Amino acid sequence: MSEPLNLVLFSGTDDKLTAASVLAAGAAALGKPVNVFLQYWALDAFRRERIAVDHGLAPEAGAEGRAHVDALRAAGQASWAETFRQAKDLGEIDIEACSLSMDLLGIEEKDLDPLVDGVEGVTAFYLNAGDGQVVFI
Amino acid sequence: MAIIAIDQHLDARGLACPMPIVKTAALMKAMAGGQTLEVVATDPGSVKDFAAWARTTGNELLESSSDGATYTFVLRKK
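Presented here is an overview of the structure given in this document. Note that the structure is a prediction, hence the values are computed from the model and not measured.

1. Remarks on the pattern of salt bridges
Residues and elements named next belong to chain A.
Logical step 1: The final tally for this structure, using the stated rule, is nine salt bridges over all chains.
Logical step 2: Note that Arg47 and Asp44 form a salt bridge whose closest N and O atoms lie 3.0 Å from each other. Comparing Arg47 with Asp44 shows no difference in burial state: the two are buried.
Logical step 3: A salt bridge links Asp54 to Arg66; its shortest N-O distance comes to 3.8 Å.

2. Thoughts on helix 1 (residues 14-29) of chain A
Residue and element names in this part refer to chain A.
Logical step 1: The end-to-end C-alpha separation of helix 1 is 22 Å, in line with the 22 Å expected for 16 residues at 1.5 Å each.
Logical step 2: Regarding helix 1, the residues found buried are Asp14, Leu17, Thr18, Ala20, Ser21, Ala24, Ala25, Ala27, Ala28 and Ala29.
Logical step 3: Where helix 1 terminates, the next one or two residues include Gly31, which has phi positive at roughly 80 degrees.

3. Side note on the nonpolar core
All names here are of chain A.
Logical step 1: Leu9, Val36, Phe46 and Phe84 are the most contacted members of the largest nonpolar core, which has 50 residues in total.
Logical step 2: Per-element accounting of this core gives the leading share, seven residues, to helix 1.
Logical step 3: In this view, Val36 contacts Leu7, Leu9, Phe84, Ile93, Asp94, Ile95 and Glu96; residues no more than four positions away in its chain are not counted.

4. Re the packing of aromatic side chains
Two measures describe an aromatic ring pair: the distance that separates the ring centres and the angle between the ring planes.
Residue and element names in this part refer to chain A.
Logical step 1: The full count for this structure, using the stated rule, is eight aromatic pairs over all chains.
Logical step 2: Centroid distance Phe10 to Tyr40: 5.1 Å. Interplanar angle 35 degrees. Geometry classified as tilted. Of the two residues, Phe10 sits in the loop between strand 1 (5-9) and helix 1 while Tyr40 sits in helix 2 (residues 40-45), which places them 30 residues apart along the sequence.
Logical step 3: Counting every residue linked through ring pairs, the aromatic cluster contains Phe10, Tyr40, Trp41 and Phe136.

5. A look at the side chain of His55 of chain A
All names here are of chain A.
Logical step 1: By secondary structure assignment, the location of His55 is in the loop between helix 2 and helix 3 (62-74).
Logical step 2: Classification of His55 as buried rests on a relative accessible area of 17%.
Logical step 3: Among the polar contacts listed, one links the side chain of His55 to the backbone oxygen of Arg50, at a separation of 2.9 Å.
Logical step 4: A polar contact is formed between the side chain of His55 and the backbone oxygen of Val53, at a distance of 3.0 Å.
Logical step 5: Those residues in contact with His55 that sit more than four places away from it in its chain are Gly12, Thr13, Asp14, Ala45, Arg50 and Trp80.

6. Concerning the interface of chain B and chain A
Logical step 1: Opposite the 15 residues of chain B that make contact, chain A presents twelve residues.
Logical step 2: For the pair chain B and chain A, the summed buried area comes to about 1,000 Å², and 72% of that belongs to carbon and sulfur atoms.
Logical step 3: Run the count over chain B and chain A and you get zero salt bridges.
Logical step 4: Summed over the shared surface of chain B and chain A, the number is three residue pairs in polar contact (both at pLDDT 80 or more).
Logical step 5: Counting only elements with at least two residues in the side of chain B that touches chain A, the list comes to helix 1 (19-29) and helix 2 (46-57) of chain B.
Logical step 6: Residues belonging to the side of chain B that touches chain A are distributed by class as follows: ten nonpolar, three polar and two charged.

Criteria and thresholds
- Residues numbered from 1 in each chain as written.
- Chains lettered and ligands numbered in written order.
- Predicted model: local features only at pLDDT ≥ 70, side-chain atom pairs only at ≥ 80, totals over all residues.
- Heavy atoms only, no water.
- Salt bridge = Lys/Arg side-chain N within 4 Å of Asp/Glu carboxyl O.
- Buried < 20%, exposed > 50% of the residue type's maximum accessible area, 1.4 Å probe, protein only.
- Helix = DSSP H or I, 4+ residues; strand = E, 2+ residues; numbered from the N terminus.
- Expected span 1.5 Å × (residues − 1).
- Core = buried A, V, L, I, M, F, W, Y, C linked by side-chain atoms within 4.5 Å.
- Contact = heavy atoms within 4.5 Å.
- Phe/Tyr/Trp six-rings, centres within 6.5 Å; stacked < 30°, edge-to-face > 60°.
- Polar contact = N/O pair within 3.5 Å; in protein donor to acceptor, adjacent residues only side chain to side chain.
- Buried area = accessible area lost by both parts, 1.4 Å probe.
- Nonpolar A, V, L, I, M, F, W, Y, C, P; charged D, E, K, R; others polar.

What follows is the structure, encoded as structure tokens:
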């Protein structure tokens, strides 16, 4: 289990970020290192000011999907940000912002939630990814 | 079945995947080798998850049972 799991997060909706946080937390519990690379709308969701707001769901969710997500949340499911936080406490999870996406959104490192460890380019991401799987969400 | 002395308990009822495992892994980290932990969960996925987690991490799954409504696991830290 020594090869890292590498998650490229692109989508910024709560359902996809929740799925990503579950994958990260599961890997952390197994002692597998996780590298998370935040691009575009996923990076936008990790902004300090916005991390706790409602980021909506993927279009295929529809009204029925929304109701299911709301019910699970009402039953006490942890938010994706909280799941990432607990996963970081447990294991080796490095969350990096894509520098191109930082330029795109016109934001600086101080604008990001403390869950984000730093800013890097795609080359550094691939270097850290090693021979581990790369998953794009 | 032999009676197993339980050192720690974790109530993971009502927690959705992957929180039962995340909380178990966090608690086990702080325990000493040889100590036992009993976890009670309601997530049906936890049956396969606890078996897989124990196999991968080398901790021993001493018991995995269900009364229909809850799932009980007993683990021994390696």
